[in-house]
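Working through the structure, step by step
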Amino acid sequence: MLAVHHLGSGYKPLQILWDIELSVQEGEWLALLGPNGAGKSTLLKTIVGLLKPFQGEIWYLGKEISALPVHEMVRLGIALVPEGRRLFAGMTVRENLMMGAFSQNDNGKITAQLQRVFDLFPVLKEREKQVVGTLSGGERQMCAIGRALMSRPKLLLVDELSLGLAPVVVDGLLETLVAIKQEGVTLLVVEQDVNTALAYADRGYVLREGRIVKSGEAKQLLEDPSIQKDYLGY
Amino acid sequence: MLYWQVLINGVLLGGLYACAAIGFSVIWGVMNLINLAHGSMIILGAYITYVINSATGLDPFLTIPISGAALFLLGFMVQKYLINHVIEGSVFMTLILTFGLDLLLVNMTLLLFTADFRSITPSYAGLGWEIGTIRVPYTRLGVFFFALALTLILSLLMNRTKLGNAIKATSFDKDAAGLVGVNVFQVYAITFGLGAAMAGMAGSLISVLHSFSPVLGGTFTMKAFVIVVLGGLGSVPGAIVGGLILGITENFASVLLEAGYKDAISFILLVAILVLRPRGILGKQFFAEV
Ligand SMILES: Nc1ncnc2c1ncn2[C@@H]1O[C@H](COP(=O)(O)OP(=O)(O)OP(=O)(O)O)[C@@H](O)[C@H]1O
Ligand SMILES: [Mg+2]
């Protein structure tokens, strides 16, 4: 579904990512692991077009997309839940969710999808008219995921799923992602906790100092003794 | 009775000021861009009305859509082909660019129209309402009405339409707006176009009441700046409050103080508000932080 070849990227003139090879199969859950500063967010930002690659190619559903502007990605079915949530601070929960459907034109489908998001996150329905600044951390993350889902993505990228959230909240979010995956959405999730990340994922990639240092089946990676070391960056 | 007259004049002028400042306010609020050419765009609008009026005799109020459309186009192009290329960089670059644009507009209007003051006198200029000793000319009333109507229309556009949502989302977080599918650079161009259109239409209104010359642009930019600082960034109610305060204060100052002080009033207000209440009177920022 998504294939990244020989990708280099960063913040001009500083190159962060080097020679990245990565592929995502349709319907799978891919975990992206790596210590702080490894370049995980940089990779996701490059995939969605917030950063332009220095080298290499990004293929999505048979199309080379690395030159496309960010606002076209969502129309192709790629949505990102960015690091730090990045909600529209002065807007209500409902307005944020509706902004997520900005690229959609079919009002019937938008309403149905809004209902779907409220089914997945009932608390968002309760907080519908609240300005997002007043939400708790977990509710914000739900709102951010909900906003991304409003575009009815085929590929959902989630950066820092659990950052700053209580374990029970994270469990809830993970279960929701399982439900989303069952609907046929492909997932690429950046997650701090290696064990949790690999428990849910089908496959994983480990990024370190801007390079892919390991990849494979989630089960194999879990059993790999060097993984914890790689992750922590020793 | 004199004070009532002064107050009414102040309110009527304040409405016009709100309309003249709102474009500046929105451009600043959404893009963090200070348009130093705002006053010159107002003057350009006044000249468009002047040219049409002297060529065809068309009522100045009816030229509003023309000056609005012309300035929208100018603003849209300037943002799309110039400012968009440097807006990601330092604030100084955009300041220099709009400063250059200001110079260009001032010199262009000077070349075309000279520095002589021009004015437009509609047939009904001398008529008005008289209630006791208070006199309200129809022209001032008309200007006030149109100024509020235009400001209201902009407000509806910002708050009730999909375009308005895109503009607001962009002002809150442009990367997040891009992620949900908003073409941020397009939004920037439209926003600058709208701000310029509001300036041009305010210029048409000003031409009905006051004489104008290319060199007055800076004064209007200054006033817009004061109004935005008074009322808070990017907000329509803020611009109205700021406009009213400036309009009323200026009118009272012109009665109570010597004539020369009138223009110093905006400076004094500016300093006072920056010291006392740096976030503006309403203290609410509808769009991005400065
Ligand atoms: N806007 C920026 N400009 C310059 N350098 C940046 C910028 N953002 C990140 N970097 C640098 O890029 C490198 C990779 O950062 P990135 O945010 O991709 O890491 P990460 O793997 O997501 O880390 P974390 O787990 O802390 O989120 C870091 O060294 C960081 O300092
Ligand atoms: Mg990160």
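Note that the coordinates shown come from a computational prediction; the quantities given were computed from them, not determined experimentally. (Residues numbered from 1 in each chain as written. Chains lettered and ligands numbered in written order. Predicted model: local features only at pLDDT ≥ 70, side-chain atom pairs only at ≥ 80, totals over all residues. Heavy atoms only, no water.)

Bringing helix α1 (residues 2-31) of chain B into the picture now. Residues and elements named next belong to chain B. Here α1 spans 43 Å end to end across 30 residues, near enough to the 44 Å set by a 1.5 Å rise per residue. Most pronounced at Ala21, the bend in α1 amounts to some 35°. Phi turns positive, to about 55°, at Asn32, one or two residues after α1. (Helix = DSSP H or I, 4+ residues; strand = E, 2+ residues; numbered from the N terminus. Expected span 1.5 Å × (residues − 1). Bend = angle between axes of the 7 residues up to and from the residue.)

With that out of the way, let us pick up the nonpolar core. Phe88 and Met99 of chain A together with Met31, Met41, Val182, Phe192 and Leu205 of chain B are the most contacted members of the largest nonpolar core, which has 85 residues in total. By residue number, the principal contributor to this core is helix α8 (residues 184-209) of chain B, which donates 15 residues. Setting aside chain neighbours within four positions, we find Val182 of chain B in contact with His71, Met99 and Phe102 of chain A together with Ala166, Thr170, Ala177 and Val187 of chain B. If you look at the next biggest cluster of nonpolar residues, it comprises 46 residues, including Leu33, Leu97, Leu165 and Leu221 of chain A. (Core = buried A, V, L, I, M, F, W, Y, C linked by side-chain atoms within 4.5 Å. Buried < 20%, exposed > 50% of the residue type's maximum accessible area, 1.4 Å probe, protein only. Contact = heavy atoms within 4.5 Å.)

Residue and element names in this part refer to chain A. Surveying the vicinity of ligand 1 reveals 13 residues, the closest of which are Gly37, Lys40, Ser41, Thr42 and Glu83. Here an oxygen atom of ligand 1 sits 2.9 Å away from a polar atom, N or O, in the main chain of Gly39. Within the side chain of Ser41, one N or O atom sits 2.7 Å away from an oxygen atom of ligand 1. Burial of ligand 1 by the protein chains amounts to 62% of its free accessible area of 640 Å². For the shell around ligand 1, the element with the most residues is helix α1 (residues 40-48), which contributes 3 residues. Tallied by class, the residues present in the shell around ligand 1 amount to 4 nonpolar, 6 polar and 3 charged. (Near = heavy atom within 4 Å. Polar contact = N/O pair within 3.5 Å; in protein donor to acceptor, adjacent residues only side chain to side chain. Areas by Shrake-Rupley, 256 points an atom, 1.4 Å probe, with all protein chains shown as cover. Nonpolar A, V, L, I, M, F, W, Y, C, P; charged D, E, K, R; others polar.)

The next thing to look at is the coordination of the magnesium ion (ligand 2). The magnesium ion (ligand 2) binds to the protein through Ser41 of chain A (OG) and Glu83 of chain A (OE); the donor distances cover 1.9 to 2.6 Å. Linking Ser41 of chain A in helix α1 with Glu83 of chain A in the loop between β6 (78-81) and α3 (93-100), this pair joins segments that are 42 residues apart in sequence. (Donors = N, O, S within 2.8 Å, 3.2 Å for Na, K, Ca; no water.)

Time to look at the pairing of strand β1 (residues 128-131) of chain B. Residues and elements named next belong to chain B. Relative to strand β2 (residues 134-137), β1 is paired through 4 bridges, and the arrangement is antiparallel. Residue pairing in the sheet places Gly128 in a bridge with Pro137 of β2. Connecting the antiparallel pair β1 and β2 is a turn made up of 2 residues, with Gly132 showing a positive phi of about 60°. (Pairing = 2+ DSSP bridges.)

Facing the 16 residues of chain B at the interface are 20 residues of chain A. Summing the contributions of chain B and of chain A, the shared interface buries around 1600 Å²; its carbon and sulfur component is 69%. For the pair chain B and chain A, the interface holds 2 salt bridges. The partner of Arg86 of chain A in a salt bridge is Asp173 of chain B, and the shortest N-O contact between them spans 2.6 Å. Run the count over chain B and chain A and you get 5 residue pairs in polar contact (both at pLDDT 80 or more). (Buried area = accessible area lost by both parts, 1.4 Å probe. Salt bridge = Lys/Arg side-chain N within 4 Å of Asp/Glu carboxyl O.)

This part covers the side chain of Ser40 of chain B. Residue placement: Ser40 of chain B occurs in helix α2 (residues 38-56). In contact with Ser40 of chain B, not counting residues within four places along its chain, are Asp102, Leu105, Val106 and Gly217 of chain B.

Right, let's get into the packing of helix α5 (residues 138-160) of chain B against α8 of chain B. Working note: a packed helix pair is described by the angle between its axes plus the distance between those axes. Residue and element names in this part refer to chain B. At their nearest, the axes of α5 and α8 sit 9 Å apart, and the two run at 170° to each other. Classified by the angle their axes make, α5 and α8 are roughly antiparallel. Mapping the contact onto sequence places Thr139, Arg140, Val143, Phe146, Ala147, Leu150, Thr151, Leu154 and Leu157 in α5 and Leu194, Met198, Met201, Leu205, Val208 and Leu209 in α8. Among the residues making up the contact of α5 with α8, the classes are represented as 12 nonpolar, 2 polar and 1 charged. (Axes fitted to C-alpha atoms, helices over the stretch in contact; angles between N-to-C directions. Parallel < 35°, antiparallel > 145°, perpendicular 65-115°, else oblique.)

This part is about the environment of Ala189 of chain B. All names here are of chain B. Along the chain, Ala189 falls in helix α8. Here the alpha-carbon distance between Ala189 and Lys80, two residues 109 residues apart in the chain, equals 5.3 Å. Every residue in contact with Ala189, bar those within four places of it in the chain, is listed here: Gly75, Phe76, Gln79 and Lys80.

Here we take up the sheet that holds strand β9 (residues 203-208) of chain A. Residue and element names in this part refer to chain A. Across the sheet, which stays open at both edges, the 6 strands sit in the order β6-β7-β8-β3-β9-β10 with mixed pairing between neighbours. Either end of the sheet is taken by a strand with one partner, and the two such strands are β6 and β10 (211-217). On average, adjacent strands in this sheet sit at an angle of 15° to one another, irrespective of strand direction. Strand direction decides the pairing type here: strand β7 (residues 155-158) and strand β8 (residues 186-190), joined by 4 bridges, are parallel. Considered in β8, the bridge of Leu157 is made with Leu188. Against the sheet, helix α7 (residues 167-182) touches β3 (29-33), β7 and β8, its axis set at about 135° to β3.

For the rest of this paragraph, the subject is the sheet that holds strand β4 (residues 55-60) of chain A. All names here are of chain A. With antiparallel pairing, the 4 strands of this open sheet are ordered in space as β2-β1-β4-β5. The open sheet terminates on both sides in strands that have one partner only, identified here as β2 (14-24) and β5 (63-64). Pairing analysis gives 7 bridges linking strand β1 (residues 2-11) to β2, with the strands arranged antiparallel. From the neighbouring strand, Gly10 faces β2, where its bridge partner is Gln15. Together, β1, β2 and β4 form the strand contacts of α1, whose direction differs from that of β1 by roughly 115°.

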